[in-house]
Protein chains: 2
Amino acid sequence: MFVILYYDANEKRVSKFLKVCRKYLTWVQNSVFEGEITKANLEKLKYELKTKVKDNDSIIIYEFRSMNYSKREVIGIDKKENNKFI
Amino acid sequence: MFVILYYDANEKRVSKFLKVCRKYLTWVQNSVFEGEITKANLEKLKYELKTKVKDNDSIIIYEFRSMNYSKREVIGIDKKENNKFI
C-alpha cells in the first residue's frame, strides 16, 4: 500500500521521528514522508513511533490501498529524496 | 474531491502560503492542509500559490477523486482545526 505520513513534533523528538520514518518511507520535505510499504512494515513503523510520541506530538498517517483515483502535483520544486534506506 | 497539501517554503513566504491555503482547506499542522474542495476552487488555490512560489519553495498537492481506499490514523494528538474560513 501507499502511505503519506506527516508529523508535528516537539523539537526534542523531531530527529527521532525522522530516523524512524526514514527506515520505511521516503523523505519528501520537513516532517513529511511518502512511499510504498508492506502491512508488516507499516505496523513496525507505527509501533516504533508510538513508543516515541509524547505530549502534543501529532503524527497523521494516510494509508491508501489504491492510488488509482489520485494525482500528485508539484508547484515549485520536488524535494523528495529518491533513496530509501531499507 | 479531497486534497492533501503540504509545503516547504522560505520563511519569508510561509505566512503568505498559510493565508492562501486557509481560504480553501483546513489547517492540519505546520505547512499541512487537508480538505474537500471543488475543482474550481482547487484551480484558484493553485493559481494563487503559483503567483507566490519562488526559488526553493516546494508545494505538493495530492488530489483524490475517491477516498474509499484510504484510512487516516492519528498517533498522538490531532491538531486539525475544524473550522474552514470560506
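Rules of the game
Residues numbered from 1 in each chain as written. Chains lettered and ligands numbered in written order. Predicted model: local features only at pLDDT ≥ 70, side-chain atom pairs only at ≥ 80, totals over all residues. Heavy atoms only, no water. UniProt positions renumbered as here; feature names shortened; annotations may be inferred. Helix = DSSP H or I, 4+ residues; strand = E, 2+ residues; numbered from the N terminus. Contact = heavy atoms within 4.5 Å. Buried area = accessible area lost by both parts, 1.4 Å probe. Salt bridge = Lys/Arg side-chain N within 4 Å of Asp/Glu carboxyl O. Polar contact = N/O pair within 3.5 Å; in protein donor to acceptor, adjacent residues only side chain to side chain. Nonpolar A, V, L, I, M, F, W, Y, C, P; charged D, E, K, R; others polar. Least-squares fit on C-alpha atoms with pLDDT ≥ 70 in both. 1 Å grid on protein atoms, 1.4 Å probe; cavity = no way out; pocket = protein on both sides within 12 Å on 5 of 7 lines; lining within 4 Å. Points joined across faces, edges and corners; volume = space filled by probe spheres on them. Buried < 20%, exposed > 50% of the residue type's maximum accessible area, 1.4 Å probe, protein only. Pairing = 2+ DSSP bridges.

Going by what an unreviewed UniProt entry lists, chain A is known as CRISPR-associated endoribonuclease Cas2 and is assigned to Marinitoga piezophila. Taken directly from UniProt, the Sequence similarities (unreviewed entry) text for chain A runs: "Belongs to the CRISPR-associated endoribonuclease Cas2 protein family." Taken from UniProt, the Cofactor (unreviewed entry) comment for chain A reads in full: "Mg(2+)".

Moving on, we come to the UniProt feature "binding site: Mg(2+)" (unreviewed entry) in chain A. Mapped onto this numbering, the UniProt entry gives "binding site: Mg(2+)" (unreviewed entry) at Asp8 of chain A. Tracing the backbone shows Asp8 of chain A in strand 1 (residues 2-8). Once residues within four sequence positions are removed from consideration, Asp8 of chain A is found in contact with Asn56, Asp57 and Ser58 of chain A together with Gln29, Asn30 and Lys79 of chain B.

Before going further, it helps to examine the interface of chain B and chain A. Contacts between chain B and chain A engage 39 residues on the former and 39 residues on the latter. Carbon and sulfur atoms supply 53% of the area buried between chain B and chain A, which totals about 3,700 Å² over both sides. Per-residue buried area on chain B facing chain A is highest for Tyr62, Tyr69 and Ile75 of chain B; these three make up 21% of the total on that side. The interface formed by chain B and chain A includes 8 salt bridges. Salt-bridge contacts for Lys50 of chain A lead to Glu73 of chain B; the nearest nitrogen and oxygen are separated by 3.7 Å. Taken together, chain B and chain A are joined by 30 residue pairs in polar contact (both at pLDDT 80 or more). Among the secondary structure elements, those contributing two or more residues to the side of chain B that touches chain A are strand 1 (2-8), strand 2 (26-29), strand 3 (32-36), helix 2 (39-52), strand 4 (58-64) and strand 5 (70-76) of chain B. Class assignment for the residues of the side of chain B that touches chain A results in 18 nonpolar, 8 polar and 13 charged.

Another aspect to go through is the relation of the copies chain B and chain A. Overlaying chain B with chain A gives an RMSD of 0.0 Å, the required rotation being 180 degrees about an axis along which the chain moves by 0.0 Å. What we have between these two chains is a two-fold relation. Comparing contact sets, 100% of the residues at the interface of chain B also lie at the interface in chain A, consistent with an isologous, same-surface contact.

The tally for this structure, following the rule as stated, stands at 1 cavity of 30 Å³ or more. The volume enclosed by the largest cavity comes to roughly 30 Å³. Residue lining of the largest cavity: Phe64, Ser66 and Tyr69 of chain A together with Phe64, Ser66, Tyr69 and Ser70 of chain B, and that is the complete set. Its residues assigned to classes, the lining of the largest cavity shows 4 nonpolar, 3 polar and no charged.

What follows concerns the pairing of strand 4 of chain B. Of all 7 residues making up strand 4 of chain B, 7 are buried, and the element is well covered by its neighbours. Side-chain alternation along strand 4 of chain B places Ser58, Ile60, Tyr62 and Phe64 of chain B on one buried face and Ile59, Ile61 and Glu63 of chain B on a second face that is also buried. Inspection of the sheet shows strand 5 (residues 70-76) of chain A paired to strand 4 of chain B by 7 bridges, in the antiparallel sense. Among the inter-strand pairings, Ile75 of chain A is bridged to a residue of strand 4 of chain B, identified as Ile59 of chain B. As defined by bridge partners, strand 1 of chain B adjoins strand 4 of chain B across 7 bridges and the pair is classed as antiparallel. Following the sheet pairing, Tyr6 of chain B is matched in strand 4 of chain B by Ile60 of chain B.

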